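Fold and contact review
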Amino acid sequence: MIKKHNFSAGPCVLPKSVIQKASEALLDFDNGLSLIEISHRSKPFVDVMEQARSLALELLGLEGKGYKALFLQGGASSQFLMVALNLLEKRAGYLNTGTWSDKAIKEAKIYDDIYEVGSSKTAGFNYIPKGYDIPEDYDYFHCTSNNTIFGTQMKNFPNSPIPMVCDMSSDIFSRTLDFSKFDLIYAGAQKNMGPAGTTLVIVKEDILGKVSRKIPSMMDYKVHISKGSMFNTPPVFAVYTSMLTMQWLKDLGGIKAIEEENEKKARLMYSEIDLNPLFKGYSVKEDRSHMNATFTLENENLKETFDAMIKEAGINGLNGHRSVGGYRASMYNALTLDSVKVLVEVMSELESKA
Ligand SMILES: *Cc1c(COP(=O)(O)O)cnc(C)c1O
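Since this is a predicted model, take the numbers as computed values, not measurements. (Residues numbered from 1 in each chain as written. Predicted model: local features only at pLDDT ≥ 70, side-chain atom pairs only at ≥ 80, totals over all residues. Heavy atoms only, no water.)

With that out of the way, let us pick up the domain arrangement of the protein. Examined at the domain level, the protein breaks down into domain 1 (16–252) and domain 2 (254–353). The partner domain 2 presents 26 residues to the 31 residues of domain 1 that form the contact. Together, the buried faces of domain 1 and domain 2 total about 2,200 Å²; carbon and sulfur atoms form 54% of this surface. If you look at where domain 1 meets domain 2, you find two salt bridges. Listing elements by their share of the side of domain 1 that touches domain 2, those giving two or more residues are strand E7 (152–153) and helix H6 (236–252). Considering every element that reaches the side of domain 1 that touches domain 2, the biggest residue donor is H6, with four residues. (Domains from an automatic or database assignment. Contact = heavy atoms within 4.5 Å. Buried area = accessible area lost by both parts, 1.4 Å probe. Salt bridge = Lys/Arg side-chain N within 4 Å of Asp/Glu carboxyl O. Helix = DSSP H or I, 4+ residues; strand = E, 2+ residues; numbered from the N terminus.)

Before going further, it helps to spend a moment on the sheet that holds strand E14 (residues 327–330). Judged by pairing direction, the sheet is antiparallel, and its three strands sit side by side in the order E11-E12-E14 without closing on themselves. In this open sheet, the two edge strands, each paired with only one partner strand, are strand E11 (279–281) and E14. In this sheet, neighbouring strand axes are inclined to one another by 35° on average, regardless of whether the strands run parallel or antiparallel. Where strand E12 (residues 292–297) lies against E14, four bridges are found, and the strand directions are antiparallel. Bridge assignment links Thr294 to a residue of E14, and that residue is Arg328. Contacting E11, E12 and E14, helix H7 (residues 254–275) runs over the sheet at an angle of about 20° to E12. (Pairing = 2+ DSSP bridges. Axes fitted to C-alpha atoms, helices over the stretch in contact; angles between N-to-C directions.)

Moving on, we get to the sheet that holds strand E5 (residues 140–144). The seven strands are arranged E2-E10-E9-E8-E5-E3-E4 in an open sheet whose pairing can be described as mixed. One side of each edge strand has no neighbouring strand; the edge strands of this open sheet are strand E2 (67–72) and strand E4 (115–119). Within this sheet the neighbouring strands show an average axis-to-axis angle of 15°, counted without direction. With four bridges connecting them, E5 and strand E8 (residues 164–167) associate as parallel partners. Within E8, the position partnered with Cys143 by the bridge is Cys166.

This part covers the site of the ligand. The environment of the ligand is formed by 13 residues, the closest being Ser77, Thr148, Asp167, Gln190 and Lys191. Contact between the ligand and Ala76: an oxygen atom at 3.0 Å from a main-chain N or O atom of the residue. The side chain of Ser77 places a nitrogen or oxygen atom 2.6 Å from an oxygen atom of the ligand. Protein burial of the ligand: of its 390 Å² of free accessible surface, 87% is covered by the chains. Counting atoms within 2 Å of the grid points, the majority share of the ligand lands in the second largest pocket. No other element matches the four residues that helix H3 (residues 75–87) contributes to the shell around the ligand. (Near = heavy atom within 4 Å. Polar contact = N/O pair within 3.5 Å; in protein donor to acceptor, adjacent residues only side chain to side chain. Areas by Shrake-Rupley, 256 points an atom, 1.4 Å probe, with all protein chains shown as cover. 1 Å grid on protein atoms, 1.4 Å probe; cavity = no way out; pocket = protein on both sides within 12 Å on 5 of 7 lines; lining within 4 Å. Sits in = over half its atoms within 2 Å of the grid points.)

All right, on to the packing of aromatic side chains then. When we look at a pair of aromatic rings, we describe it by the centre distance and by the angle of the planes. Enumeration over the complete set of coordinates arrives at 12 aromatic pairs. Summarising the aromatic geometry, the rings of Tyr115 and Tyr138 are spaced 5.9 Å apart at their centres and angled 90° between planes, so their arrangement reads as edge-to-face. Here Tyr115 is found in strand E4, whereas its partner Tyr138 is found in the loop between E4 and E5, with 23 residues between them in sequence. The exposure class of Tyr115 is partly exposed, given its relative accessible area of 37%. On the basis of an interplanar angle of 80° and a centroid distance of 4.9 Å, the ring pair of Phe157 and Phe182 is categorised as edge-to-face. Of this pair, Phe157 sits in the loop between E7 and E8 while Phe182 sits in the loop between E8 and strand E9 (184–188), and the two are 25 residues apart along the sequence. Phe182 matches Phe157 in its accessibility class, with the two residues each being buried. Of the aromatic side chains, those joined through ring pairs into one cluster are Phe279, Phe295, Phe306 and Tyr327. Here the basic side chain of Arg213 rests over the ring of Tyr111, its NZ or CZ set 4.8 Å away from the ring centre. (Phe/Tyr/Trp six-rings, centres within 6.5 Å; stacked < 30°, edge-to-face > 60°. Buried < 20%, exposed > 50% of the residue type's maximum accessible area, 1.4 Å probe, protein only. Lys NZ or Arg CZ within 6 Å of the ring centre and 35° of its normal.)

Printed below as a string of structure tokens:
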């Protein structure tokens, strides 16, 4: 058996122990019944949902601060629309840092002529704009903490005078931040938490209920809050597996502990990209993502050799997004430092061959 080193951008690597426990629950979760064949209203599952919601707040240090955690469906992509429906009355400001922010802007534009406070679009989104102003009389400011496709990450967040909304799909639980700076955080599970099928939403209750439009029930955060994230049947397997991953992270020592690991992985990866003359990093150094490292081969003639070497080493999911090309090493929480070492060895082996 070849051990796979899974650098996939999403869905992606999860802790082996989590997959083990999740698969056991598929066979026998409650007295011989599978997790996916019991009622979501039964006590064993209600407990899972409650635990998942409280673990999310606990890991982010947001307990007792007026926030609610929800596990919704429709992916992060539905949040692009839901945020606007629930918060947008007059105008909102968006920071455009990549494909996902661009899509968030497109959805919000259904309701308003969105103002882009900053954009790196003309530079191929290879950096994070800085020094922008956030108008005080807007409804909210929206940003994307980590740009999965281009490999950039916001290292600093503004002191926003208005509610700050952040798409943290690809770096949630990966680094310590003052999460209380944000009023609404959302993240699709499939990058750092669990299987696709659920989206974590953390929302500060006091920003809700301020728009005049009627909001359809399934799109209304207040409805989901009032029903304990069980307004309709939740995606039980995705929520359970996400809960296991959060438990795994808590047992490791929480976000602080994983942040140290993530820094080691990123340092090793980027030092190889910078020192090896065959490769070139895509994004500007100061904005490099610790989750997704994007790079290209300087000499395209080596592509076939490199791809064969990657495959031989059991490395999976290293292809760049079709809009950027090249390669992308996604180093989410569950990817081990050993996997990064294997990739870096292959890269330096290519250098010695070339
Ligand atoms: C993957 C991703 C999305 C899209 O998530 P879906 O769950 O597929 O809708 C949105 N934003 C970011 C930053 C992502 O990485």
